[in-house]
Structure formats: C-alpha cells, structure tokens
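Analysis of the macromolecular model
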Amino acid sequence: MSVNVAATESIDVVIVDDEKFVRGALRTYLSQATDVAVVAEGENGEEAVRLAHEHQPDVMLIDIQMPVMDGIAAIRRIVAELPEIRILVVTGHISDIYLKAALIAGASGYVVKDAEPDRIVAAVREVHAGDCPIDPGVTHLLVADVRKSLPGKRKQSQIELSEREGAVLKLLCDGRSNVEIAAELHLSESTVKYHLVRLGRKFATRDRLQLVITALRTGVVA
C-alpha cells in the first residue's frame, strides 16, 4: 500500500478574515500547493484565538481590521498562549503603523492581499520554515522608519563582508525577494540563501527582518 507522504508533511493553516470572498481567495491559492492544508477558517479575532487552540495549526493567516477582536489583539493572545504557532498577517493595509504593531504583537510575516498567489503561498512556507517574510511593498516603510530613528553619525561596523555579501545585503534592505536578488546578481536562489545564512551568522540575527534592521543601524548599509 502506498503512503501519501506529502499529506503527512503538510503545513496546516487557519485563515482568519472578516471578508468571505478574501477567505475564499486565500483558500483557493493555498489549495494549489500540495504541501499546504487549510484546516479551518474564521471571521474575527475572537474566532482566531479559539481556532488556534482547537486546531493548533502550523501557520495562521490573520487580517488586521476585524470585528469583535482585531487582528493585533488576536495575534498578541495567540503568541502568548501558543507561541509555537507562526502568524502571517495578510492585509490590505500598507501602513508602517500596522506593520510595526503586528510585528511587536508577534507576527512572523506581513504580506498584502493583492500580492501574487505564488507570493502568498511562498510566504506561508517561509513563515513555517522560521523565516520572516515582509512584502516588498511595505518593506520600504519599515526601512524608512528605522532610518528616521538613526543618529546622524553612526559608528562604522567592524563586520567584514565580501563584495557579494554586501551586494546581497543592499538588495535585501531595498526590499527585494530572494528571486529578485538572484536575478539582479545573476545567481541561483540557493546561492542567495547561502549568502543570507552567512550574513545572519555574521550579524547574529535570526531572520531577514532583523538582518535588515541591524545592517541599517550599524551603518553597513547606508
């Protein structure tokens, strides 16, 4: 008897959005991926918390502005009560205020609803793998906010980077995805990932978001 290995290793996902057609669209996108399974859906933050406890999924897709309990409050509770669940914010709000609030609450990633279906599926996989995907459309908001908080003169970092590592890091800080970095530098995606892992170790950061912030604060990237 054959065993469906993909089914046993699927990423269990819960979708929470107050708009039915958005939930349907996200479910359709994710159903195209053989390694992702949508196990439940909800329409407000209160349901998000309940579904998190009932299903304990690997990843939850949560909107920000919802009735009964908003997404930020729901994320805060879920992260506090079930920290092993990874949260991907999927919202129509491109705002540095929402972005920072979501990340502070404990979200693992942030993408906009009008992102390409493949990008949303990829973000689910990245979040599950422990990465922190931030939609390029909002990355510049975070970078701008960090830059505003920096002093006029910064002590130059002593971290030494190769020319290739510097190029990868600069594009990362510009909000480029791995695919875009690979195309720009004529590299394979696996090579880009290799450089990002090395950069993470050099800067002692756990994900690409921290890497961007640290690179800006230390002056490695202007």
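Quick look at the structure, then. (Residues numbered from 1 in each chain as written. Predicted model: local features only at pLDDT ≥ 70, side-chain atom pairs only at ≥ 80, totals over all residues. Heavy atoms only, no water.)

Describing the overall build of the protein chain
- Helix and strand counts for the protein chain come out as 11 helices and 5 strands.
- In the protein chain, which comprises 222 residues, the share counted as buried stands at 46%.
- Taking all contacts inside the protein chain whose residues are at least 6 apart in sequence as the whole, residues at least 24 apart take part in 66%.
- Of the roughly 11,500 Å² of accessible surface on the protein chain, 51% is carried by carbon and sulfur atoms. (Helix = DSSP H or I, 4+ residues; strand = E, 2+ residues; numbered from the N terminus. Buried < 20%, exposed > 50% of the residue type's maximum accessible area, 1.4 Å probe, protein only. Contact = heavy atoms within 4.5 Å. Areas by Shrake-Rupley, 256 points an atom, 1.4 Å probe, with all protein chains shown as cover.)

A short note on the sheet that holds strand S4 (residues 86-91)
- An order of S2-S1-S3-S4-S5 is seen for the 5 strands of this open sheet, with the pairing classed as parallel. The two strands at the open ends of the sheet, each matched to only one other strand, are strand S2 (36-42) and strand S5 (109-112). Between one strand axis and the next, the sheet turns through 25° on average, direction left out of account.
- Both strand S1 (residues 11-16) and strand S3 (residues 59-62) contribute to a ladder of 4 bridges, which runs parallel. Among the inter-strand pairings, Val-16 is bridged to a residue of S3, identified as Ile-62.
- Each of S1, S2, S3 and S4 is contacted by helix H2 (residues 20-31), which is oriented at about 170° to S2, the strand it contacts most.
- The strands that helix H6 (residues 117-128) touches are S1, S2, S3, S4 and S5; relative to S4, the one it contacts most, it runs at about 155°. (Pairing = 2+ DSSP bridges. Axes fitted to C-alpha atoms, helices over the stretch in contact; angles between N-to-C directions.)

As for the packing of helix H3 (residues 45-55) against helix H4 (residues 71-81)
- At a closest axis distance of 9 Å, the pairing of H3 and H4 adopts a crossing angle of 20°. Taken as axis vectors, H3 and H4 run roughly parallel relative to one another. You can see that H3 and H4 cross each other, and the crossing is right-handed. Along the contact surface, H3 presents Gly-45, Ala-48, Val-49, Ala-52 and His-53, while H4 presents Ala-74, Arg-77, Ile-78 and Glu-81.
- For the contact of H3 with H4, the residue count by class is 5 nonpolar, 2 polar and 2 charged. (Parallel < 35°, antiparallel > 145°, perpendicular 65-115°, else oblique. Left-handed = near helix turned anticlockwise from the far one by under 90°. Nonpolar A, V, L, I, M, F, W, Y, C, P; charged D, E, K, R; others polar.)

Some details on the packing of helix H9 (residues 178-185) against helix H10 (residues 189-203)
- Their axes nearest at 9 Å, the elements H9 and H10 cross at an angle of 105°. For the element pair H9 / H10, the angle class is roughly perpendicular. Seen from H9, the contacting residues are Asn-178, Val-179, Ile-181 and Ala-182; seen from H10, they are Glu-189, Val-192, Lys-193 and Leu-196.
- When its residues are assigned to classes, the contact of H9 with H10 shows 5 nonpolar, 1 polar and 2 charged.

Thoughts on the pairing of S5
- Alternating residues of S5 divide into Gly-109 and Val-111 and Tyr-110 and Val-112, and every residue in both groups is buried.
- Note: S4 against S5, 4 bridges, orientation parallel. Among the inter-strand pairings, Thr-91 is bridged to a residue of S5, identified as Val-112.

Re the nonpolar core
- One finds Val-16, Ala-48, Met-60, Ile-62, Ile-75, Ile-78 and Val-89 to be the most contacted residues of the largest nonpolar core, which totals 26 residues.
- Listing elements by their share of this core, those giving two or more residues are S1, H3, S3, H4, S4 and helix H5 (96-105).
- Beyond its immediate sequence surroundings of up to four residues, Ile-78 is in contact with Ala-48, Val-49, Ala-52, Met-60, Ile-62, Pro-83, Ile-85 and Ile-87. (Core = buried A, V, L, I, M, F, W, Y, C linked by side-chain atoms within 4.5 Å.)

A short note on unusual backbone geometry
- For Gln-56, which is not glycine, the phi dihedral falls at a positive 45°.
- Within the element layout of this structure, Gln-56 appears in the loop between H3 and S3.
- Although it is not a glycine, His-186 sits at a positive phi angle of roughly 60°.
- By secondary structure assignment, the location of His-186 is in the loop between H9 and H10.

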